[in-house]
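Listed below are the residues making up each chain.
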Amino acid sequence: MSILDKLHKNLNPPPPDIPGKIDIPEEPPIPICGGTRHSQDADAPTEIHSHDLVFFKAGTEGGRMGMQSRVYAAKAEKGTYIVIAEDEPRFALLSPDCDFLSRLDALVREQNLIQGNGYHSRTAGLPADFGGSIDIRYASGEFISKSDNQSPIIPQKADQAIHEIFMDAFSSCPKVQLPDPSLIRKVEYREQGKDNYSLLTFERDGEAAKLSSENKYSSSDKVYKKEALVSASAFDRITEDVKKYCLFGLDGVEKYHVSSFEPSKKALTYVLSDGCKIVVPYFYGVIGGVSDIVFETERYLKSLL
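Definitions and limits used
- Residues numbered from 1 in each chain as written.
- Predicted model: local features only at pLDDT ≥ 70, side-chain atom pairs only at ≥ 80, totals over all residues.
- Heavy atoms only, no water.
- Core = buried A, V, L, I, M, F, W, Y, C linked by side-chain atoms within 4.5 Å.
- Buried < 20%, exposed > 50% of the residue type's maximum accessible area, 1.4 Å probe, protein only.
- Helix = DSSP H or I, 4+ residues; strand = E, 2+ residues; numbered from the N terminus.
- Contact = heavy atoms within 4.5 Å.
- Pairing = 2+ DSSP bridges.
- Axes fitted to C-alpha atoms, helices over the stretch in contact; angles between N-to-C directions.
- Parallel < 35°, antiparallel > 145°, perpendicular 65-115°, else oblique.
- Expected span 1.5 Å × (residues − 1).
- Arc of directions from axis to C-beta.

Undergrad: Describe the nonpolar core, naming the residues involved and giving the relevant values.
TA: Judged by nonpolar contacts, the single largest core of 42 residues is most densely connected at Tyr72, Tyr81, Phe202 and Tyr270. Top contributing element to this core by residue count: helix α5 (residues 293–304), with four residues. Beyond its immediate chain neighbours, meaning those up to four positions away, Phe202 contacts Arg185, Lys186, Val187, Ala209, Lys210, Leu211, Val230, Ala234, Phe235, Ile238, Leu301 and Leu304. Ile82, Leu104, Ile153 and Phe170 belong to the second-largest nonpolar core, a separate cluster that totals 32 residues.

Shown next as structure tokens:
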């Protein structure tokens, strides 16, 4: 042992042995990718007695195996709001006279979609082209809910049947006549808190569009206001979004839409030229970009100030 080694040893003596101390080997870290979590809902029904289907959402991610369904349907105030989320998502409000939901209920039984009800499994690190999820709700409270991102959640035959019934609905079911988006004269974004709020108001004003904001913070009673005049063409974004996503068809969907999150205090209110108001609240889980529309509209309005 060199002089330097002896000096280092004297300055840094080893820790004393502690009676009863047990050396526990360090466990290897849990890998980030590949870990699987799964559960089985003991309350998941094994049989559905109701035929009053009010909500249907399916997402199959097995593109390599021909799986293709990414669909959404929920009862609304004036009909059934449906979405097919393909490369170019499609949105519509089907007439309440259409037998779409009863046909969908028959498909649930024919394809035995209740099999494996309540089972959920997620493996970390997998690309988004495996497995999928399905969520079906009835007015009685009965439900079918299952998911797996590693293996197909439903047979390919059932997946094709789901896709076909939604495609047929777009081509054959009568649609509800909704107000023309060009009739919108004002849109309001509001986020309400217990002691605070945020309000953005965008209104057509002749050859221009007027935008104003109000913000009250819980730490103060003062209301902060701001206004701006922009080109009337800036309002086109509002009407285009309403038309693209069939937003007026969402009226009442929140009564049937299934979400694991508490209802948000954010909402858009559209005021038409005749004074009629249509409220579109924020609720998580509608596919095709619809769930983002409240947030995206807020961000767009703020960008104009």
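Undergrad: An account of the sheet that holds strand β13 (residues 266–272) is requested, with residue identities and associated values reported.
TA: In spatial order, the strands read β12-β11-β10-β9-β13-β14; together these six strands make up an open sheet with antiparallel pairing. The sheet terminates laterally at β12 (223–231) and β14 (277–281), the two strands that pair on one side only. Strand-to-strand twist in this sheet, taken as the mean axis angle between neighbours without regard to direction, amounts to 15°. Contacts between α5 and the sheet are confined to β9 (184–192), β10 (197–205), β11 (208–216), β12, β13 and β14, with β13 contributing the most and set at about 75° to the helix.

Undergrad: Describe the packing of helix α2 (residues 100–110) against helix α3 (residues 156–172), with residues and values.
TA: It is at 11 Å that the axes of α2 and α3 come closest, and there the two elements cross at 170°. In terms of orientation, α2 lies roughly antiparallel with respect to α3. Along the contact surface, α2 presents Phe100, Arg103, Leu104 and Leu107, while α3 presents Ala161, Ile162, Ile165, Phe166, Asp168 and Ala169.

Undergrad: Account for α5, with residues named and values stated.
TA: The end-to-end C-alpha distance of α5 is 17 Å, a good match for the 16 Å that 12 residues give at a rise of 1.5 Å each. Within the span of α5, buried status applies to Ile293, Val294, Thr297, Glu298, Tyr300 and Leu301. All buried residues of α5 lie within an arc of 165° about the axis, which places them on one face of the element.

Undergrad: Summarise the sheet that holds strand β7 (residues 132–138); cite the residues concerned and give the values.
TA: Strand order in this open sheet of eight strands is β1-β6-β8-β7-β2-β3-β4-β5, and the pairing throughout is mixed. The strands lining the two open edges of the sheet, one partner per strand, are β1 (36–40) and β5 (90–94). Adjacent strand axes in the sheet meet at a mean angle of 10°, parallel and antiparallel pairs treated alike. Here seven bridges tie strand β2 (residues 53–60) to β7, and the two strands are oriented antiparallel to one another. Note on β7: the bridge partner recorded for Thr60 is Gly132.

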